[in-house]
Amino acid sequence: MRFLLPLVFVAGPGFAAVDADLPTWPDPATFTPGQENKFRLPGFAPYLAYPDKDPYYNVLMVPANYDPKRSYPLGIEFQPQNGKPSSWFLAHANDNQSFVLGVSWMIPASAKDRKEGDETKGPDDVHIGPILHMATIQWVLEHFNVDRARVFVGGMSAGGWAASSEGMSGFFKNVSTHFVILNAGNRGTYNPAWFAGDFAFVASGTADFNNAAALQAIDELSKAKLDVTHYEEPGIGHDVGPQTYIKLAEWYRRFDPSAHAQEWLDQATAALADKATKDPTAALAQLAEVATLGENSPQGKAAREALLAREGDALTTYERGYDALLHRRYAEAQKLLIAAQKAAAKTRTPRIMTLASKRLAEIQEWMFSEESVALQAAHAAGRDLEAAALAQDCATRWKDEPKDWPANITMWIKVTTALAQAQKPDPKHRQAQLDLVKWRLALMTAKADGAADNKKGHDILSAIVDALPDSGEAAEAKELLTRWPVVEAKK
């Protein structure tokens, strides 16, 4: 599988590029199942983790006895205030049988004078958290087998508040499916109506100072038509009580196919065989969840066979399209997902129609994330000519992006343009940076027209690697080459 972009992030314009040895991309094969694995992505070097003041890091709990042929749920756990990235709350809800990505708040490495509690404040605050978190989520999706129908977002206290302020924002619209709000409520710029029909678990103690906020969140989420489960533990203050853990585990098991495999298989089979069933969507979704158990499970294997019999080419085409998206082959993904929609319409398989529509919308989000993060990476590395060119493209390409996507493109144009004019890179680096922008966009949008252009782009990127060894431009060119469709030009 292809690694995501080797990017360098900064917190905002005006901060100097961080000149440090960057960690290499982690090797997923070294992650130990059944425990938290601490890891850093190279692009996070300019940040410090709040409140550790340590270089930014994440933790990933890998399911115990992880089987790559089986799909597992993913939890995205935001740290509580004064805490550290961890998988504690979500992993313990299901006895370490899911992925849990622990994320942190971050501050720029240059903002060492900030006080605890100020992690989201400052003159250059650009609300970059969602982009950083999404880049990490995408890395997990690419390298591990995740069930996209079970993506739990939440945490305790400040982490619970983040379940709404970030997990219900536009950037997470096509990611979040379940919410866990512990000792917290709702706040920020978010839209629970996007998640109507999804599920939330809200818990607090009767002595918790956030109890009233939790009760208000229950009312708001219920009105937005989420399926809300609430538990209020007597006498518990701002903590997760022992009974809350039990209730959370019970709630989680509602969605766990390993706990209901034969029951769900029988129910779905019966519903699909019943001529009175007018809409098979729910039954097919039930089969799909059992199928996540993989071929080593008798029920999982039977469910997969039943789905293939019913959805056929629509299912397999969708899966190929989703795989192309995970590898950032956007044009191929779009083509296959549209084909999956057409096949689903012919065979009347609404589940695939819905999934393909979600993934088609997600293509734009992945592209936005790639380009906006790439321009910040170039800025952090001191390649502001490249950053300015990407910012200018973003201003046109993403002018209609959802309001809560943290683009801040106008600001980036101003800062990077000024720096690019001051830097005046030598001709070799200047041309390399412009070529990197041109061919990144060609790769993203499939604008390399035909075999000749594909070969030309490949040759130019290869020339950057040869001419500027050990440079940031060469490292970026190498990454683009891992994705490049090498096609020989016609003679």
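Basis of the calculations
Residues numbered from 1 in each chain as written. Predicted model: local features only at pLDDT ≥ 70, side-chain atom pairs only at ≥ 80, totals over all residues. Heavy atoms only, no water. Buried < 20%, exposed > 50% of the residue type's maximum accessible area, 1.4 Å probe, protein only. Helix = DSSP H or I, 4+ residues; strand = E, 2+ residues; numbered from the N terminus. Pairing = 2+ DSSP bridges. Contact = heavy atoms within 4.5 Å. Core = buried A, V, L, I, M, F, W, Y, C linked by side-chain atoms within 4.5 Å. Axes fitted to C-alpha atoms, helices over the stretch in contact; angles between N-to-C directions. pLDDT = per-residue confidence, 0-100. Phe/Tyr/Trp six-rings, centres within 6.5 Å; stacked < 30°, edge-to-face > 60°. Lys NZ or Arg CZ within 6 Å of the ring centre and 35° of its normal. Salt bridge = Lys/Arg side-chain N within 4 Å of Asp/Glu carboxyl O.

Trainee: Is there a simple way to think about the pairing of strand S10 (residues 199-205) in this case?
Mentor: Looking down a regular strand, the side chains alternate between one sheet face and the other. Of all 7 residues in S10, 6 are buried; the element is thus mostly enclosed. One ladder, built from 5 bridges, connects strand S9 (residues 178-182) with S10; its direction is parallel. Within S10, the position partnered with valine 180 by the bridge is phenylalanine 201. As defined by bridge partners, S10 adjoins strand S11 (residues 227-233) across 7 bridges and the pair is classed as parallel. Bridging across to S11, glycine 205 finds its partner in glutamate 233.

Trainee: When you look at the side chain of glutamate 476 in this model, what are you seeing that I'm missing?
Mentor: Within the secondary structure layout, glutamate 476 lies in helix H15 (residues 472-483). If we skip the residues at most four places from it in the chain, glutamate 476 touches Arg383, Glu386, Leu436 and Arg440.

Trainee: Please clarify how the nonpolar core should be interpreted in this entry.
Mentor: Among soluble globular proteins, nonpolar side chains are generally buried collectively. The biggest cluster of nonpolar side chains holds 97 residues, and the ones touching the most others in it are Leu60, Leu74, Ile76 and Phe99. It is helix H10 (residues 350-380) that provides the largest number of residues to this core, a total of 10 residues. With sequence-adjacent residues up to four places away left out, leucine 74 is seen in contact with Phe99, Leu101, Ile137, Val140, Leu141, Val146, Arg150, Val151 and Phe152. Counting residues in each nonpolar core, the second largest holds 18 residues, with Ala93, Phe152, Ala203 and Leu248 among its members.

Trainee: Would you explain the environment of alanine 387 in this entry?
Mentor: Locating alanine 387 in the fold gives a position in helix H11 (residues 384-397). On the basis of relative accessibility, which here comes to 0%, the residue alanine 387 falls in the buried class. The spatial distance from the C-alpha of alanine 387 to the C-alpha of alanine 377 is 7.9 Å, given a sequence separation of 10 residues. Those residues within four positions of alanine 387 in sequence are excluded, and the remaining contacts are Leu375, Ala378, His379 and Thr416.

Trainee: Just checking my understanding: could you explain the sheet that holds S10 for this structure?
Mentor: Read from one edge to the other, the open sheet built from 8 strands follows the order S1-S4-S6-S5-S8-S9-S10-S11, with strand pairing classed as mixed. Each having just a single partner strand, strand S1 (36-39) and S11 make up the two edges of the open sheet. The sheet shows a mean angle of 15 degrees between the axes of neighbouring strands, direction not considered. Relative to S9, strand S8 (residues 146-156) is paired through 5 bridges, and the arrangement is parallel. In the sheet register, methionine 156 faces S9, and the bridge partner there is leucine 182.

Trainee: Quick question: what am I supposed to make of the side chain of glutamate 311 here?
Mentor: Inspection of the secondary structure puts glutamate 311 in helix H8 (residues 298-326). Using a relative accessible area of 1% as the deciding quantity, one classes glutamate 311 as buried. Not counting residues within four places of it along the chain, the set of residues in contact with glutamate 311 comprises Leu284, Thr349, Arg351 and Ile352.

Trainee: What should I look at first to understand the confidence of the model for the protein in this one?
Mentor: Of the residues in the protein, 86% reach a pLDDT of 70 or more, and the chain-wide mean stands at 85. Scored below 50 in pLDDT, residues 1-21 makes 83 contacts in the model with residues more than four places away or belonging to other chains. Low pLDDT, under 50, characterises residues 111-126; the stretch is placed with 26 contacts to residues that sit more than four places away or in other chains.

Trainee: Just to check I follow, could you spell out the packing of aromatic side chains for this structure?
Mentor: The geometry of an aromatic ring pair is captured by two quantities: the separation of the ring centres and the angle between the planes. Following the criterion strictly, the structure yields 20 aromatic pairs and no others. Ring geometry for phenylalanine 152 and tyrosine 252: centres 5.5 Å apart, planes at 40 degrees, overall tilted. Taken together, the residues phenylalanine 152 in strand S8 and tyrosine 252 in helix H5 (residues 242-253) connect sequence positions 100 residues apart. Given the relative accessible area of 5%, tyrosine 252 is considered buried. Of the aromatic side chains, those joined through ring pairs into one cluster are Phe31, Phe39, Tyr66, Tyr72, Phe99, Trp139 and Phe144. Residue placement shows lysine 38 over the ring face of tyrosine 57; its charged tip is 4.2 Å from the ring centre.

Trainee: Looking at this structure, I do not really get the pattern of salt bridges. What am I missing?
Mentor: Between side chains of opposite charge, pairing is possible as soon as their charged atoms come close. Scanning all chains against the criterion turns up 20 salt bridges. Among the ionic pairs, lysine 223 bridges to aspartate 219, the shortest N-O distance being 3.2 Å. Of this pair, lysine 223 and aspartate 219 both sit in helix H4 (residues 211-223), separated by 4 residues, roughly a single helical turn. What makes aspartate 219 partly exposed here is its relative accessible area of 40%.

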